[in-house]
Amino acid sequence: MKKLAGRLLHHFTNHETALNAGPHCSQGTDQGTSGLSNRKDLNMPSQGVHLHIHDRYVVMDNGILQVTLSKPGGIITGIKYNGIDNVLEVRNKETNRGYWDLHWNEPGGKGIFDVISGVTFRVIVETEEQVEISFVRTWDPSLEGKYIPLNIDKRFIMLRGSSGVYSYGIYEHLKEWPGFELGETRIAFKLRKDKFHYMAVADDRKRIMPFPDDLCKGRCQTLDYQEASLLTAPCDPRLQGEVDDKYQYSCENKDLRVHGWISFDPPVGFWQITPSNEFRSGGPLKQNLTSHVGPTTLAVFHSTHYAGKTMMPRFEHGEPWKKVYGPVFIYLNSTANGDDPLCLWDDAKIKMMAEVESWPYSFVASDDYPKSEERGTARGRLLIRDRFINSDLISAGGAYVGLAPPGDSGSWQIECKGYQFWAIANEAGYFSIGNVRPGEYNLYAWVPGFIGDYHNGTIVTVTSGCMIEMGDIVYEPPRDGPTLWEIGIPDRKASEFFIPDPDLSLVNRVLVHEQDRFRQYGLWKRYTDLYPNDDLVYTVGVSDYRRDWFFAHVPRKKGDVHEGTTWQIRFNLENIDQKANYKLRVAIASATLAELQIRVNDAEAIRPLFTTGLIGRDNSIARHGIHGVYMLYAVNIPGNRLVQGDNTIFLKQPRCNGPFQGIMYDYIRLEGPPS
């Protein structure tokens, strides 16, 4: 893989440099941030914000950009900036340029896609410093079955001297209204395809992208699912033979702060900045879509991607609910012709950090959005007790510690209705969770390097301005006895295992970096290439999980069908206690319509010692995620099932209706009897 990675990286770097070479851009300031967009105006006072209300449109204008929205729908139809009359795709219908949308269904009903259009327009704030406007869609029983039973208030804010626009939404369900399920809600922007060709999601995932026409019939070959395409005749011949798939650009919430697009002529950037994860579903590890071919940029607040239906909240009749999604910031920047347009990405990252530091915003007008002084803080220290590692308490450095709605251990992974607040503990285990909305929470945590979840079911009540001292908290990870052997690293991912080279005819060149190789298309097929007849065998003390443990336990393809696969773990034991129980702990990073059956020393036993039954709908194997929803299983192995000397544990995944059914393991450990 290293030779392939080096060759492709060298090729793509040269390709990118040739396209975008230019002198380094100088960075100015814009209202205290990097602000490339306003360098020419640094010595001039900024224009106030003006609101122009017409019959069918509303225009916000602060002299830097103009944002036009339909009235009363609240659809963004145009953004004028830096000499471009509209950075949004003018060839699209006005309802398909910049919009809030959602996907929902009545309980047991079919899914409905809905572009949210307001029916009432209001001015909330109108001064030279700030304009905030509202577009509301109210629900009543006459709309049952047609629209989701929610009152939805879409808000947009423009500030003096700001090179962008903020947006947030207030969703409310009254208790007398019927129930529903919510699959997804987000903001989508469709940019001009004649301008925006370069996309940036992360420092190691930024590139010239295919045109949308490249995904049409005659220019590409659809692969194993419709989102994945092999470019056979792209408009830019340098992209010939590459794979495009929007899921290759997904990102975990904790890292999903800024992404977007760059136009080279004129040099303009369009960025979506999310300064807080408090309103996103699923906590810091939840993966969401970002930007992709279109050119499209998304602000995803809630989705079922990489989790499945367990992430779809169901609201019952009689259940009141209100939630604020956002605000998020749509940032535009520019630089002078002759400067390197790629510096716009660096500027966007600086602006993102400034927005994060400004959270919670002081200028939001809604009472449903608490200001900084109305929020609380909880702090303490997390320690670990594992007497088989250390007789003393261990500092939980690097632990993720969070306040989320009351639930069960690990329930934060699929929590969708409330807010979550997370911090990372320092080396000594100290944490401080700040800017917490008033409400009732449980304390949750997980620690890289240790299995399981910490959960304290005691209600933590956060009030306005409070400081909650939680003191020392001790987490005892699941363990019965000493480690006899282990496979992997307990970090909730499968990235430490063997990830094969991609098929050389199915490569995305921007993903050749070591840290992104799991995102390459078609890696599940490589199991059949590597194990065409016999399955994986791992010998403890001889094998190395980094090269001998395939990252995904998937079916083998035989002709036109798939067959289940059985992996073996071979190990030697001495001095077995036949009357005691041994414990096998299996941490699963992801599962998709899979089953794990475990047998000990008898592969043909009719009944397995343990089975998970059918588990998981993450679809992470197909969507290039290295994890989904974390699960942990503990399997008792009676000592009389083991023998002196050589033993074998058989891991069978029998479900095989398609190539994407399978399991990604996080970590496996065999423990001896308690001592």
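What counts, and at which threshold
- Residues numbered from 1 in each chain as written.
- Predicted model: local features only at pLDDT ≥ 70, side-chain atom pairs only at ≥ 80, totals over all residues.
- Heavy atoms only, no water.
- Helix = DSSP H or I, 4+ residues; strand = E, 2+ residues; numbered from the N terminus.
- Rg over C-alpha atoms; globule rule 2.2 N^0.38 Å.
- Buried < 20%, exposed > 50% of the residue type's maximum accessible area, 1.4 Å probe, protein only.
- Contact = heavy atoms within 4.5 Å.
- Areas by Shrake-Rupley, 256 points an atom, 1.4 Å probe, with all protein chains shown as cover.
- Phe/Tyr/Trp six-rings, centres within 6.5 Å; stacked < 30°, edge-to-face > 60°.
- Lys NZ or Arg CZ within 6 Å of the ring centre and 35° of its normal.
- UniProt positions renumbered as here; feature names shortened; annotations may be inferred.
- Core = buried A, V, L, I, M, F, W, Y, C linked by side-chain atoms within 4.5 Å.
- Salt bridge = Lys/Arg side-chain N within 4 Å of Asp/Glu carboxyl O.
- Pairing = 2+ DSSP bridges.
- Axes fitted to C-alpha atoms, helices over the stretch in contact; angles between N-to-C directions.

Of the regular secondary structure elements, the protein holds 4 helices and 44 strands. Relative to a compact globule of 675 residues, whose C-alpha radius of gyration would be 26 Å, the protein shows 27 Å and is just as compact. Reported as C-alpha extents along the three principal axes, the dimensions of the protein are approximately 85 × 60 × 50 Å. When burial is assessed residue by residue, the protein has 59% of its 675 residues classed as buried. In the protein, 71% of the contacts between residues at least 6 apart in sequence involve partners at least 24 apart. Per element, the accessible surface of the protein, about 26800 Å² overall, is 48% carbon and sulfur.

Ring pairs (aromatic) are described by centroid distance and by the angle formed between their planes. Evaluation of the coordinates by the stated rule reveals 43 aromatic pairs. Measuring from centroid to centroid gives 6.0 Å for Tyr527 and Trp567, while their planes differ by 25°, and the two rings are stacked. Placement of the pair is Tyr527 in helix α3 (residues 526-530) and Trp567 in strand β37 (residues 565-573), with a sequence separation of 40 residues. The two residues Tyr527 and Trp567 agree in class, both being buried. Pairwise contacts between aromatic rings join Trp100, Tyr166, Tyr171, Phe279, Phe301, Tyr325, Phe329, Tyr331, Trp359, Tyr361, Phe363 and Tyr369 into one cluster. One cation-aromatic arrangement involves Lys323 over Tyr419; the distance from NZ or CZ to the ring centre is 5.6 Å. Here the basic side chain of Arg375 rests over the ring of Tyr369, its NZ or CZ set 5.3 Å away from the ring centre.

As recorded in UniProt, the feature "domain: Rhamnogalacturonan lyase" (unreviewed entry) lies at residues 398-468 and 483-670. What you have in residues 398-468 is 0% helix and 49% strand, and the ends, taken at the C-alpha atoms, are 21 Å apart. Along residues 483-670 the backbone is 5% helical and 39% strand, and the end-to-end C-alpha distance reaches 6 Å.

This next bit is on the side chain of Ser162. For Ser162, the location among the structural elements is in the loop between β9 (151-159) and β10 (164-173). Note on Ser162: relative accessible area 8%, which makes it buried. Those residues in contact with Ser162 that lie beyond four places of it in its chain are Asn62, Ile64, Leu65 and Phe329.

Membership of the largest hydrophobic core comes to 106 residues, with the highest contact counts inside it found for Met60, Ile133 and Leu382. Per element, the largest residue contribution to this core is 8 residues, and it comes from strand β24 (residues 321-334). Excluding anything up to four places from it in sequence, Met60 contacts His50, Leu51, Leu65, Gln66, Val67, Leu69, Val131, Ile133, Phe156, Met158 and Val165. By size, the runner-up hydrophobic cluster in this structure holds 58 residues, among which are Phe518, Tyr531, Tyr538 and Ile569.

All told, the structure shown has 47 salt bridges when counted by the stated rule. Close ionic contact of Glu316 with Arg314 constitutes a salt bridge, the shortest N to O distance being 3.4 Å. Under the relative-accessibility criterion, Arg314 is labelled partly exposed at 40%. A network of salt bridges, in which partner residues are shared, links Asp480, Lys583, Arg585, Arg669 and Glu671.

Reading across the sheet, the 3 strands line up as β14-β15-β16 and stay open at both edges, with antiparallel pairing between neighbours. Looking at strand neighbours, the two that pair on one side only are β14 (220-222) and β16 (243-245), the edges of this open sheet. Recorded for the sheet is a direction-independent mean angle of 30° between the axes of neighbouring strands. Pairing analysis gives 3 bridges linking β14 to strand β15 (residues 228-231), with the strands arranged antiparallel. Residue pairing for β15: Cys220 is matched across the bridge by Leu231.

With respect to the helices and strands, the residue Leu289 is situated in the loop between β20 (287-288) and β21 (291-292). Taking the C-alpha atoms as reference points, Leu289 and Tyr247, 42 residues apart in sequence, are found 6.6 Å from one another. If we ignore the near neighbours within four places in the chain, the residues touching Leu289 are Lys246, Tyr247, Ser250, Leu256, Leu298, Val300 and His305.

Taken together, the 9 strands give an open sheet; going across it, the order is β7-β8-β9-β10-β24-β19-β18-β12-β13, and neighbouring strands pair in antiparallel fashion. Strand pairing shows two members of the sheet lacking a second neighbour, β7 (120-126) and β13 (205-208), which therefore form its edges. Pairwise comparison of adjacent strand axes, ignoring direction, gives a mean angle of 15° for this sheet. Seen against the sheet, helix α2 (residues 343-358) touches β10, β12 (196-202), β13, β18 (258-264), β19 (267-273) and β24 and runs at an angle of roughly 35° to β19.

The amide bond that connects Asp265 to the next residue, Pro266, takes the cis arrangement and shows omega of 0°. With respect to the secondary-structure elements, Pro266 resides in the loop between β18 and β19. Cis rather than trans, the peptide bond between Gly326 and Pro327 has omega equal to 5°. Within the secondary structure layout, Pro327 lies in strand β24. In this structure, His624 takes a positive phi of about 60° despite not being glycine. Structurally, the position occupied by His624 is in the loop between β41 (615-617) and β42 (631-638). On the basis of relative accessible area, His624 is assigned to the buried category, the value being 2%.

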